[in-house]
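Now for the letters of each chain:
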Amino acid sequence: MAEGFLTTHVLDTARGSPARGLRIELYRVDGATRDLLATRVTNEDGRTDRPILPAVDFAPGTYELVFHAGDYLDATGTPPEAPRFLDVIPIRFGISDADSHYHVPLLLSPFGYSTYRGS
């Protein structure tokens, strides 16, 4: 059985704190098809309470995490823009090793973001 799993951590770099209450969706991508696998919301530490993709469902392939940053920024009182500069942030990535832990963090501000493969 595979031991891998997928996690994230979202930090609000403008506020200097974890991004609490940010909705995240995970899709498996196969060509033009996107299948929703999970929906999670970040906790007070900016993490999800359980892995986004647990070991039992872990498989090599292409995935997409969708971070609903606009809703989060609105909820934190960030002055609104119409349209908002950052609204939905999709991050498409590949899983090649089903036995590895994949960690995809998001560093977020109202005007930019960055990500990397964490540990």
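Our structure's up above, just so we're on the same page.
Quick caveat, the model's predicted, so the values are computed rather than measured.

A. Representation of the environment of Ala 19 within the structure. Structurally, Ala 19 can be placed in the loop between β3 (17-18) and β4 (23-30). In sequence terms Ala 19 and Val 41 are 22 residues apart; their C-alpha atoms lie 9.9 Å from each other. Leave out the neighbours within four places in its chain, and Ala 19 touches Val 10, Leu 11, Asp 12, Thr 42, Asn 43, Gly 46 and Tyr 72.

B. Main features of the sheet that holds strand β9 (residues 106-109). Strand order in the open sheet formed by 4 strands is β3-β2-β9-β10, and the pairing between neighbours is mixed. For this open sheet the edge positions go to β3 and β10 (112-115), each flanked by a neighbour on one side alone. Here β9 runs beside β10; their pairing, made up of 4 bridges, is antiparallel. Counted as the bridge partner of Ser 109 is Gly 112 from β10.

Analysis parameters
Residues numbered from 1 in each chain as written. Predicted model: local features only at pLDDT ≥ 70, side-chain atom pairs only at ≥ 80, totals over all residues. Heavy atoms only, no water. Helix = DSSP H or I, 4+ residues; strand = E, 2+ residues; numbered from the N terminus. Contact = heavy atoms within 4.5 Å. Pairing = 2+ DSSP bridges.

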